[in-house]
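Topology and contacts: notes
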Amino acid sequence: MVKVPHVVRIAPSILSADFTRLGEQVREAEAAGADWIHVDVMDGRFVPNITMGPLVVKAVRRVTRLPLDVHLMIVEPERHLQAFADAGADHISVHGEISPNLHRTLQTIGELGCRVGVAINPHTPVSSISEVVHLLDVILVMTVNPGFGGQTFLPETLPKIRQLRTMAENSGRNIDIAVDGGIYAETAPSAVSAGANVLVAGSAIFSEQHSVQEGIDALRRSLGN
Ligand code: DX5
Ligand code: ZN
């Protein structure tokens, strides 16, 4: 069993939820002890898939008090920040790979009253965000290539999680290190040992094989809590 160095938060990703009863699924997640609700926004350009927009964020906002953690996998994210903030996003993460003016985009997220996040793909080095760390509240480390739920965790991202944890500690800021993709009871312990304190999980939580409560419990049990 892994020694958990910090409180670990669970952020169910509604990408894997049953959309015919989305409100119910979000309520189940909150009742089961979820900490954040993760919303994956995809545009068919930055990533191949197309998912949801501000309308869905607004609908989810009505059924939960949990922080809504909005992950923008879209080109030109700066054009849509206001709409997501107005819809009720609490955290907004943008991909550094797609934001030529990342510094300004992150400043805007903060000015809109949201926690400021940057998401980094498996190939993206830690150094790419070293000059904006002082603006960050959340680093979303992609542990799969973004675009789809149900992919396999990439273990080569573990050293990067370690480096980001060190960077976060050295910044003196309270930065959450969230891991996103392929997080199950089998993979969560290694991500947490490396320094992640937020687990984003879709397929491990929303599944026809078990209840939302069972999915969240299994993740927590894997960490020994
Ligand atoms: C992938 C998304 C993830 C996705 C994770 O592009 O960013 O948030 O929902 O899904 P699982 O947990 O199924 O890998
Ligand atoms: Zn995501």
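Everything below is about the structure printed above this text.
Everything numeric here is computed off the predicted structure, so don't read it as measured data.

A word on the pairing of strand β8 (residues 198-201)
Sheet faces and side chains relate simply in a regular strand, where the side chains alternate between the two faces. The side-chain alternation of β8 yields two buried faces, one formed by Val-198 and Val-200 and the other by Leu-199 and Ala-201. Relative to β8, strand β1 (residues 9-12) runs parallel, the two being bridged by four bridges. In the sheet register, Ala-11 faces β8, and the bridge partner there is Val-200. Taken together, the three bridges between strand β7 (residues 176-180) and β8 define a ladder with parallel strand orientation. Note that in β8 the partner of Asp-180 across the bridge is Val-200.

What about the packing of helix α1 (residues 22-31) against helix α7 (residues 212-222)?
Relative to each other, α1 and α7 sit at 40 degrees, their axes nearing to 9 Å. Viewed along their axes, α1 and α7 adopt a mutual orientation that is oblique. In the packing of α1 onto α7, the handedness of the crossing is right-handed. On α7, the residues that touch Gln-25, Glu-28, Ala-29 and Ala-31 of α1 are Val-212, Gln-213 and Ile-216. Split by residue class, the contact of α1 with α7 holds four nonpolar, two polar and one charged.

Describing the coordination of the zinc ion (ligand 2)
Where a metal carries four tetrahedral donors, each ideal angle is 109.5 degrees; where it carries six octahedral donors, the ideal angles are 90 or 180 degrees. Binding of the zinc ion (ligand 2) to the protein goes through His-38 (NE2), Asp-40 (OD), His-71 (ND1) and Asp-180 (OD), at separations of 2.0 to 2.3 Å. For the zinc ion (ligand 2), the six donor atoms in the first shell make angles of 70 to 169 degrees at the metal, so the coordination geometry reads as octahedral. Spacing between the donor residues of the zinc ion (ligand 2) along the chain follows H-x1-D-x30-H-x108-D. Remark: Asp-180 occurs in strand β7 and His-38 occurs in strand β2 (residues 37-42); sequence separation between them is 142 residues. When sorted by exposure, His-38 lands in the same class as Asp-180, which is buried.

Remarks on the pattern of salt bridges
Inspection of every chain in the model, using the stated rule, returns nine salt bridges. For Asp-35, the salt bridge goes to Arg-220, with nearest N and O atoms at 3.1 Å. One end of the pair, Asp-35, is in the loop between α1 and β2; the other, Arg-220, is in helix α7, with 185 residues separating them in the sequence. Judged by its relative accessible area of 22%, Asp-35 falls in the partly exposed class. Residue Arg-61 pairs with Asp-90 through a salt bridge whose shortest N-O separation is 2.7 Å. Placement of the pair is Arg-61 in helix α2 (residues 54-61) and Asp-90 in the loop between α3 (81-87) and β4 (91-95), with a sequence separation of 29 residues. In this structure Arg-61 comes out as partly exposed when scored by relative accessible area, which is 24%. With relative accessibility at 29%, the residue Asp-90 sits in the partly exposed group. Look at the salt bridges and you will find they share partners, linking Asp-18, Arg-21, Glu-24 and Glu-28 into a network.

How each quantity is defined
Residues numbered from 1 in each chain as written. Chains lettered and ligands numbered in written order. Predicted model: local features only at pLDDT ≥ 70, side-chain atom pairs only at ≥ 80, totals over all residues. Heavy atoms only, no water. Buried < 20%, exposed > 50% of the residue type's maximum accessible area, 1.4 Å probe, protein only. Helix = DSSP H or I, 4+ residues; strand = E, 2+ residues; numbered from the N terminus. Pairing = 2+ DSSP bridges. Axes fitted to C-alpha atoms, helices over the stretch in contact; angles between N-to-C directions. Parallel < 35°, antiparallel > 145°, perpendicular 65-115°, else oblique. Left-handed = near helix turned anticlockwise from the far one by under 90°. Contact = heavy atoms within 4.5 Å. Nonpolar A, V, L, I, M, F, W, Y, C, P; charged D, E, K, R; others polar. Donors = N, O, S within 2.8 Å, 3.2 Å for Na, K, Ca; no water. Tetrahedral: all angles 85-135°; square planar, octahedral: opposite > 155°, others 65-115°. Salt bridge = Lys/Arg side-chain N within 4 Å of Asp/Glu carboxyl O.

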